Amino acid sequence: MTEHVDGQLAFDFDEMAREEARARLDEWDGAPLGFTRDYFTPAQFDEAFEHWKFLNGPLGSWKRSHMWHREGWNGMGTEFGQHRGEIFGADLDPDDGQEGPGGQLTQMICEPCDWHVITEDDNTAVEAWHDHAVPGWRDLPVVPAAIRLRDGGASLSKLAMTWITERYPEHIQVPGAPIITERSPYGTRHVHHYSPWGGYDLSHTALERPAAPEPPARVPRRELPAFTPASPGRQTRPTGPGLAR
Ligand SMILES: [Zn+2]
C-alpha cells in the first residue's frame, strides 16, 4: 500500500469505514433510513439522512433515499413563542424504471410540542403550523398588493412598515409572527423570514376570504350591483355542468 499516494490511502480508509457501517446497519437506532410517516425530531431526521449519504453517497440522495431532508431555502425554522416550526421535504418519485407512489411531500415539525404534519405541498404544511402555533392568524389584515413591500432590499419599505404596524394587533408584532400579503396569481408561495419580525410572509390565497374586502374607493356605491342573497343550500354546491348529478 505504501506506493499509493496519500489521497488514495484516504479514500480506502473512507471506504473501509463505509463497509463497516454497512455491516452494522442492524445496530442503527435513529430515524429510519428511508421514508416514514412517524414522528421524529428534526435532529433525528438530519442525523439519519447524513448517515444514509455516508453509506450510499450524496449524489441524487433526495430521490434515491426518499428520506426527509431540508431544502436549502427552508433554513433552520421559525420560532414563535414556545413553538419552532421546521420544514422538511421527501421525494417519493420512484427510481427510473420502477413503479411507485410518486410526488413530493412536505412535513412541518414543531419539536417543542412533539407536533408534526405531513402534506402534499409546502403551503398547506406552513398553514397547518400557523394554525397550531399562531391562533387567530387567519384574521390578520391582508397587506394590499398596492403597498410595495420592498424597494429591492431585504428589509420592508417604510410605507409597508407603517401600514402593517398601524393595523396589526400589537400582541402579534413579536418575533416569528407572520404577515399576510396580497399576491399575483403566480406568486402564492409562503416565504419564510419575510415578515418584519422574521416570520412567514403568507400569501392571501391561504385564506377563504377575498384579499381586498372593501370595494375600490373610486367606484361610487350606487354603481355596485345590488346584493342578491344566494338561495340557502346552493351556496357551497358546485354549479359547473360537469359536476351536475
Ligand atoms: Zn408547537
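Residues numbered from 1 in each chain as written. Predicted model: local features only at pLDDT ≥ 70, side-chain atom pairs only at ≥ 80, totals over all residues. Heavy atoms only, no water.

## Some details on the pairing of strand E2 (residues 83–91)
1) Next: Most of E2 sits out of view: eight of its nine residues are buried.
2) Next: Sheet topology places strand E1 (residues 78–80) next to E2; three bridges connect them, and they run antiparallel. Looking at the pairing, glutamate 79 lines up with arginine 84 of E2.
3) Next: Bridge analysis of E2 against strand E3 (residues 104–110) gives seven bridges, and the strand direction is antiparallel. The residue of E3 that forms the bridge with isoleucine 87 is methionine 108. (Buried < 20%, exposed > 50% of the residue type's maximum accessible area, 1.4 Å probe, protein only. Helix = DSSP H or I, 4+ residues; strand = E, 2+ residues; numbered from the N terminus. Pairing = 2+ DSSP bridges.)

## With respect to the coordination of the zinc ion
1) Next: Distances from the zinc ion to its protein donors, namely His83 (ND1), Cys110 (SG), Cys113 (SG) and His132 (NE2), fall within the range 2.0 to 2.3 Å.
2) Next: Coordination at the zinc ion is tetrahedral: its four donor atoms span angles of 101 to 122° at the metal.
3) Next: Between the donor residues of the zinc ion, the gaps in sequence give the motif H-x26-C-x2-C-x18-H. Of this pair, histidine 83 sits in strand E2 while cysteine 113 sits in the loop between E3 and strand E4 (115–119); the two residues are 30 residues apart in sequence, bridging distant segments of the chain.
4) Next: The exposure class assigned to histidine 83 is buried, which follows from its relative accessible area of 11%. (Donors = N, O, S within 2.8 Å, 3.2 Å for Na, K, Ca; no water. Tetrahedral: all angles 85-135°; square planar, octahedral: opposite > 155°, others 65-115°.)

## Structural notes on the pattern of salt bridges
1) Next: Summed over the entire model, instances satisfying the criterion amount to 14 salt bridges.
2) Next: Of the charged contacts in the structure, one is a salt bridge between glutamate 15 and arginine 18, with a shortest N-O distance of 3.3 Å. You can see glutamate 15 and its partner arginine 18 sitting in helix H1 (residues 6–23), three residues apart, about one turn around the helix.
3) Next: One salt bridge connects arginine 183 with aspartate 201, and the closest N-O pair in it is separated by 3.0 Å. Here arginine 183 is found in the loop between strand E6 (179–181) and strand E7 (201–203), whereas its partner aspartate 201 is found in strand E7, with 18 residues between them in sequence.
4) Next: Taken together, the shared-partner salt bridges in this structure form one network comprising Asp46, Arg70, Arg84, Glu86 and Glu111. (Salt bridge = Lys/Arg side-chain N within 4 Å of Asp/Glu carboxyl O.)

## Observations concerning the side chain of threonine 106
1) Next: Among the structural elements, threonine 106 can be located in strand E3.
2) Next: A polar side-chain atom of threonine 106 sits 2.5 Å from a polar atom in the side chain of aspartate 122.
3) Next: With near-sequence residues (within four places) excluded, threonine 106 lies in contact with Trp68, Ile87, Phe88, Val117, Ile118, Thr119, Asp121, Asp122 and Ala125. (Polar contact = N/O pair within 3.5 Å; in protein donor to acceptor, adjacent residues only side chain to side chain. Contact = heavy atoms within 4.5 Å.)

## So, the packing of aromatic side chains
1) Next: This structure, assessed with the given rule, holds five aromatic pairs.
2) Next: Judged by centre distance (5.7 Å) and plane angle (65°), the ring pair of phenylalanine 40 and phenylalanine 45 falls under edge-to-face. Exposure class is identical for phenylalanine 40 and phenylalanine 45. Each is buried.
3) Next: Relative to tryptophan 68, the ring of phenylalanine 45 has its centre 6.4 Å away and its plane inclined at 50°; by these criteria the two rings are tilted. Pair noted here: phenylalanine 45 is in helix H2 (residues 42–56) and tryptophan 68 is in the loop between helix H3 (61–65) and E1, with a separation of 23 residues, a long-range link. There is no split in this pair, since phenylalanine 45 and tryptophan 68 are both buried.
4) Next: Ring pairs connect the aromatic residues Phe35, Phe40, Phe45, Trp68 and Phe88, which therefore count as one cluster.
5) Next: Here the guanidinium or amino end of arginine 18 rests over the ring plane of phenylalanine 54, the centre of that ring lying 5.5 Å away.
6) Next: A cation over an aromatic ring shows up here: arginine 150 above the ring of tyrosine 194, its NZ or CZ 3.8 Å from the ring centre. (Phe/Tyr/Trp six-rings, centres within 6.5 Å; stacked < 30°, edge-to-face > 60°. Lys NZ or Arg CZ within 6 Å of the ring centre and 35° of its normal.)

## Topic: unusual backbone geometry
1) Next: Residue histidine 66 is not a glycine yet carries a positive backbone phi of 55°.
2) Next: Here histidine 66 lies in the loop between H3 and E1.
3) Next: The backbone phi angle of aspartate 114 is positive, close to 50°, even though this residue is not glycine.
4) Next: Tracing the sequence through the fold places aspartate 114 in the loop between E3 and E4.
5) Next: By relative accessible area, which is 55% here, aspartate 114 ends up exposed.

## Section: the environment of histidine 190
1) Next: By secondary structure assignment, the location of histidine 190 is in the loop between E6 and E7.
2) Next: Residue classification places histidine 190 among the buried positions, given a relative accessible area of 4%.
3) Next: Ignoring anything within four residues of it in the chain, the contact list for histidine 190 reads Asn123, Val126, Glu127, Arg183, Tyr200, Asp201, Leu202, Ser203 and Ala206.

Treat this as a map of the structure, not an account of what it does.
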